[in-house]
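These are the residues of each chain, in order.
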Amino acid sequence: MTGASVNHPTTASAGRTRGSATTRVPICDVDRLTPDLGVAALVDGHQVAIFRLADGSVHAVQNVCPFSGAAVMSRGITGDRGGVPTIASPLYKQVFSLVDGTCLATMDKAPRPGRAADLVVYPVTVDNGQVYIDLAGDE
Amino acid sequence: MTETQRIVVVGGGMVAHRFTEALRARDADGRFAVTVLAEEPRAPYDRVALTTYFTGRHPEDLELGDRALWDDPLVCLERDARVDTVDRDAKVVTDRHGREHPYDHLVLATGSYAWTPPTEGAHLPGVFVYRTIDDVAALRTYVEHRAQELGRPVRGAVIGGGLLGLEAAGALQELGATSTVVQFSDRLMNLQVDEGGGHALQRLIERLGVTVRCSTKTQAIKPDRAGRAGRLVFEGGGEQRVDVVIFATGVRPRDELARAAGLAMGERGGVVVDDTCLTEDLAISAIGEVACIQGACIGLIAPGNAMAEIAVDRLLGGDSTFPGADTAAKLKLLGVDVASFGDAFATTPGALELVYADPVAGVYKKLVLTDDARTLLGGILVGDASAYASLRPMVGSELGGDPGGWLLPEGAVERPNVELPDDASVCSCNNVSAGAIRCAVTDEGCTDVAGVKACTKAGTSCGSCLPLVKKIVGAELEKSGIEISNAVCEHVDMSRAQLFSAVQVSGLRTFSEIIERFGTGRGCDLCKPVIGSILATLYNEHVLAADRAALQDTNDRVMANMQKDGTYSVVPRVPGGEILPEHLILLGEIAKDYGLYTKITGGQRIDLFGARLEQLPSIWKRLVDAGMESGHAYGKSLRTVKSCVGSAWCRYGVQDSVGLAIALELRYRGLRSPHKIKLGVSGCARECAEARGKDVGVIATDNGWNIYVGGNGGFTPRHAQLLVEDVDDDAVFRIIDRYLMLYVRTADRLQRTAPWQEEYEGGLDAIRDVVVNDSLGICDDLDAHMARHIDSYEDEWAAVLKDPERLRQFSSFVNAPEEPDPSLAYVEERGQRRPATDSERGGGAVLIAPATLEVRS
């Protein structure tokens, strides 16, 4: 992991990344990610939303918005709530933590039937300028 | 189990409306069914605002309250159903069609009729009264017809110089007639103002071109050769040629029905009622102008509404009683402020009068105080009634400080800041006290004027008390420690308008600089789009330029409208709704090739639904190549300028509405704003473009265009208000340029024009002053800003298609750029496709996966 900037190192999931290198899937060059502008990735049939923030950290969450069922999270607006980096769904504007996926504002709506309100967070690593997602986070 | 009680209301005026509205609002259990028998062929309307018939132009504009009231199953409104008899023994009334209406309780709300003194010639053609919509409609037709016949301005005369007479004189002027007011008393409005006030009023009114003859009695109206009103003859000699005459000599109660039914009558007419509005027959109430309450009939709406509320309260078992009439009044007659309240004539023993008169400025103000000059008893304000809202509720309270402060022009000296007592009535139309307003803030949790209006109804009728309501609400919030926050979000502690000036003055052009200087943190989905929009408005740079893309809201981000399944709709601009057949065919071909659901929008263009992110560039390439451009359907920006077909084709059109609509749409296209903006242009007064439902509506007149502003469809529909009349094309552009720029600069986040102009300090009058008279001296700046916008416009989609870097943002997946979103699924409906529902997905209904669509390149 030379020259890699490992992200949200404080989270448990980030810790898990290192232990399960076999599930790491290469996605794209980190330079392909414009700061604060998310992209979607198709990883082994899973839709993942990946964000590179202004501070250089990279985050990945499920791309399907729990409140609409549409795969749109990558097209939301990044920001922070009380210092926690967030992503807002572009459809009904729910806000989620990019660190642990918690839904921080439901906008008085309930998630679609069969879906949890929080987002699944995927461990991300940047290795040699390459972004990797670890699917082990998705149970 | 109680049976439904049948209430019959005789009369369909404002008080009948209030009674019905209040009863339905309060009778939650549906104990009462109401039948309203109206003599006029229409639902109750705002008679006080009758004169606006000449500017508002549509009788519907005068309708009261929510029309849905009449659809309530417990309410039955019978129009054109004058009641002819009341049978008190059988408890049944009979209308003019012979239909019988049995009642458990009868409410007489028959109002008044316009009284005409016995005068020779009072029944000639060309002589009118001023009471109903039919009266003013007939007057208008007659004056317009005579003006055509005569080929010169019609000469009008109003007999009666009271409140109604001055209204009528104003109406004549609106119709282009000259007007003379003939007043029997020695001054105008002798019931409301004293000699000094009357003279000030006369000077102001004469300045407006109205001739005033006081102390003059009209003896006869003599016919012309055709037998129409032609000449007024005055007692003691003197004559005046006239073409039309209006009697405005007061009203008398419509009490014939009650009289015939044998109910007790007041000395000067009216049905005698007690303080609970009951007549001597306990099954009959009387409310409004027909009721003789506390010894008199009162021809004002506020006491009438109070009686309606009392009658309702009593039916529901309440114990309210009539508190006495507040005869205070504030009016704008021919644009002149007149107000009178409390003991205006200083009849209280020992009362002192404090008078301020400035004949040059045309102002007369008088306060009536107790003998110690401390407590306010009443007052008269002519020419400048700005202090009315604050003073009227203070009647009976100590004024504090130097009472003279209230008489000098606003701002000349600090007005004493006195807290109103809780029982002081703030809104007399709806009988709302200062205490009730405070309570709405402290107990009901209202945090702004709009909330208090909804909660208490204060300020929802005539609106004259709104400045005071605003003040009380502000003071109360401050007291409870609630800060009224207009802050954009947790990162930006300013309102959008403040942030706009800050960004403009600082000259900062990137989000990171702006948030560092004026905010905190990384921003969020609230402040980012606001800053993106402000930068776009100020510099008109591309929405996806440099670090802008990440600021843009959902739709601006990819310049298309995101739909529920995450796909987009595509709407190219169709200026003014005029479209070339080639473009129509191209849209059809694109829709077929991409399998897009196709629908006509409300803004006269075509919406293609279901385009995937990665399809947008190729769709737009075909549109741009054929000469079409972005329609900004996705932006908080100008959407469309809707138009009717106008004079080019329409038999009735008087101006080229399509031409103007196209010019306006091309002028303002791409202008980013706090919310979407829609315009409309109608080619004649028939208003087929529904322009008055738009933020800016332009309606053709014989002499040019009228501009209306602040209209809105949507959740809170509003009719746009008249800004200027009969202006030429150049002025249309200039005034709309300034109106839109002022709005874009000073409105709050997501605030549309209607609430913006309502909350703008001084309201529409102040806005008109800014954009027409340049009262703030900023018009050059507004004009220059709009000119910059127009010069720097470029089609956003054409620009993106030329830029490979920005095109990369339209990949479906960063690691599979052309792969369609596998979660999309559609079913066919009426020959087109729509997103499949959850149950259709689960139930195995026929699904069309996006990948199977063949796309012709």
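Every residue gets a number counted from 1 within its own chain, in the order that chain's sequence is written. Note on labels: chains are lettered from A, ligands numbered from 1, in written order. Residue-level local features of this predicted model are given only where pLDDT is at least 70; pairs of side-chain atoms are given and counted only at 80 or more, and the full residue set underlies all totals for whole chains, interfaces and linings.

### Details of the overall build of chain A
Phase 1: Looking only at helices and strands, chain A features one helix and eleven strands.
Phase 2: For chain A, the α and β elements follow one another from N to C terminus as α-β-β-β-β-β-β-β-β-β-β-β.
Phase 3: The exposure scheme places C-beta atoms from the backbone and then counts, for each residue, the other C-beta atoms within 10 Å of its own, assigning buried at 20 or more, exposed at 12 or fewer, and partly exposed in between. Residues classed as buried in chain A amount to 47% of the 139 residues present. Think of it this way: any DSSP run of H or I at least four residues long counts as a helix, any run of E at least two long counts as a strand, and we number them from the N terminus.

### Overview of the overall build of chain B
Phase 1: Counting its regular elements, chain B contains 25 helices and 39 strands.
Phase 2: Counting across all 857 residues of chain B, residues that qualify as buried make up 46%.
Phase 3: For chain B, the share of sequence-separated contacts (at least 6 apart) that also reach a separation of at least 24 residues comes to 61%. By the convention adopted here, residues are in contact when the distance between their C-beta atoms, placed from the backbone, does not exceed 7 Å.

### With respect to the interface of chain B and chain A
Phase 1: Residue-level contacts link 24 residues of chain B with 28 residues of chain A.
Phase 2: Residues are grouped as follows: Ala, Val, Leu, Ile, Met, Phe, Trp, Tyr, Cys and Pro are nonpolar; Asp, Glu, Lys and Arg are charged; every other residue, Gly included, is polar. Looking at the side of chain B that touches chain A residue by residue, the class counts come to seven nonpolar, eight polar and nine charged.

### Description of the sheet that holds strand β1 (residues 24-29) of chain A
Residue and element names in this part refer to chain A.
Phase 1: Any two strands between which DSSP finds at least two bridges are classified as paired. Ordered in space as β1-β11-β10, the three strands form an open sheet in which the pairing is antiparallel. Bordering the open sheet on either side are β1 and β10 (124-127), each of which pairs with just one other strand. Across this sheet, the average inter-strand angle for adjacent strands is 30 degrees, counted without regard to direction.
Phase 2: The pairing of β10 with strand β11 (residues 130-134) spans four bridges and is antiparallel. Opposite V126, over in β11, you have V131 as the bridge partner. Interaxial angles span 0 to 180 degrees and are taken between N-to-C directions of axes, which are lines fitted to C-alpha atoms, for helices over the stretch in contact.

### What about the confidence of the model for chain B?
Residue and element names in this part refer to chain B.
Phase 1: Per residue, pLDDT measures the predictor's confidence, with a range of 0 to 100. Scored by pLDDT, chain B has a mean of 88; 96% of the residues are at 70 or more.
Phase 2: Low pLDDT, under 50, characterises residues 851-857; the stretch is placed with five contacts to residues that sit more than four places away or in other chains.
Phase 3: Two summary scores accompany this predicted model of the complex, namely pTM at 0.59 and ipTM at 0.85.

### Comments concerning helix α16 (residues 581-594) of chain B
Spacing of three or four residues puts side chains on the same side of an α-helix, whose turn is 3.6 residues.
All names here are of chain B.
Phase 1: If you check α16, its first and last C-alpha atoms are 20 Å apart, about what 14 residues at 1.5 Å a residue would give, namely 20 Å.
Phase 2: All of the buried residues in α16 are L587, I590, A591 and Y594. An end-on view of α16 places all buried positions within 100 degrees of arc, on one side of the element. What points out from α16, more than 90 degrees from its buried face, is the exposed set P581, E582, I585, E589 and K592.
Phase 3: Tucked inside the fold, the buried residues of α16 contact β31 (597-600), β32 (606-611) and α17 (616-625).
Phase 4: Remark: G595 follows α16 within two positions and exhibits a positive phi of approximately 65 degrees. Helix span is expected to be 1.5 Å times the residue number reduced by one. Relevant arc is that of directions from the helix axis to the C-beta atoms, nothing else.

### Details of the pairing of strand β36 (residues 704-709) of chain B
Across a regular strand the side chains alternate sides, sitting on one face of the sheet and then on the other.
Residue and element names in this part refer to chain B.
Phase 1: Burial of β36 is extensive: five of the six residues sit out of reach of the surface.
Phase 2: Of the pairings in the sheet, the one linking strand β35 (residues 696-701) to β36 comprises six bridges and is antiparallel in character. Bridge pairing in β36 places V698 opposite I707.
Phase 3: Connecting the antiparallel pair β35 and β36 is a turn made up of two residues.

### Details of the environment of D371 of chain B
All names here are of chain B.
Phase 1: Checked against the element boundaries, D371 lands in the loop between β25 (363-369) and β26 (376-382).
Phase 2: Exposure remark for D371: the 11 C-beta atoms within 10 Å place this residue in the exposed category.
Phase 3: Sequence separation between D371 and A351 is 20 residues, and the spatial gap between their C-alpha atoms is 5.2 Å.
Phase 4: Apart from residues no more than four positions distant in its own chain, D371 is found in contact with G350, A351 and L352.

### Describing helix α1 (residues 14-26) of chain B
Phase 1: Compared with an ideal rise of 1.5 Å per residue, which puts 13 residues at 18 Å, α1 of chain B spans 18 Å between its outermost C-alpha atoms and is within 8% of the ideal.
Phase 2: Buried within α1 of chain B we find M14, V15, A16, H17, R18, F19, T20, E21 and L23 of chain B.

### Some details on the packing of helix α19 (residues 729-746) of chain B against helix α22 (residues 779-792) of chain B
All names here are of chain B.
Phase 1: One can describe the packing of α19 onto α22 by two numbers: an axis separation of 9 Å at closest approach and a directional angle of 95 degrees. Our classification of the angle between α19 and α22 gives roughly perpendicular. Along its contact with α19, which presents D737, R738, M741 and L742, the element α22 presents C779, L782, D783, H785 and M786.
Phase 2: Classifying every residue of the contact of α19 with α22 by side-chain character gives five nonpolar, one polar and three charged. Angle categories: roughly parallel below 35 degrees, roughly antiparallel above 145, roughly perpendicular from 65 to 115, and oblique for all the rest.

### Considerations on the sheet that holds strand β16 (residues 244-247) of chain B
All names here are of chain B.
Phase 1: Pairing is parallel across the open sheet formed by five strands, whose spatial order is β9-β16-β10-β11-β12. Unpaired on one side and paired on the other, β9 (127-129) and β12 (211-213) mark the two borders of the sheet. Across the sheet, the mean angle from the axis of one strand to that of its neighbour is 20 degrees, orientation sign disregarded.
Phase 2: As defined by bridge partners, strand β10 (residues 155-159) adjoins β16 across four bridges and the pair is classed as parallel. Note on β16: the bridge partner recorded for A157 is V245.

### A word on unusual backbone geometry
Phase 1: At K93 of chain A, a residue that is not glycine, the phi angle is positive and equals roughly 70 degrees.
Phase 2: With respect to the helices and strands, the residue K93 of chain A is situated in the loop between β6 (84-88) and β7 (95-97).
Phase 3: Classification of K93 of chain A as partly exposed rests on a count of 17 C-beta atoms within 10 Å.
Phase 4: For M559 of chain B, which is not glycine, the phi dihedral falls at a positive 55 degrees.
Phase 5: Note on placement: M559 of chain B falls in the loop between α15 (554-558) and β29 (561-562).

### Details of the pairing of β11 of chain A
Residues and elements named next belong to chain A.
Phase 1: The buried fraction of β11 amounts to four of the five residues, a majority that puts the element mostly inside the structure.
Phase 2: The pairing of β1 with β11 spans five bridges and is antiparallel. For P26, the partnering residue across the bridge sits in β11 and is Y132.
Phase 3: What sits between β10 and β11 in their antiparallel hairpin is a turn of two residues, with N128 showing a positive phi close to 55 degrees.

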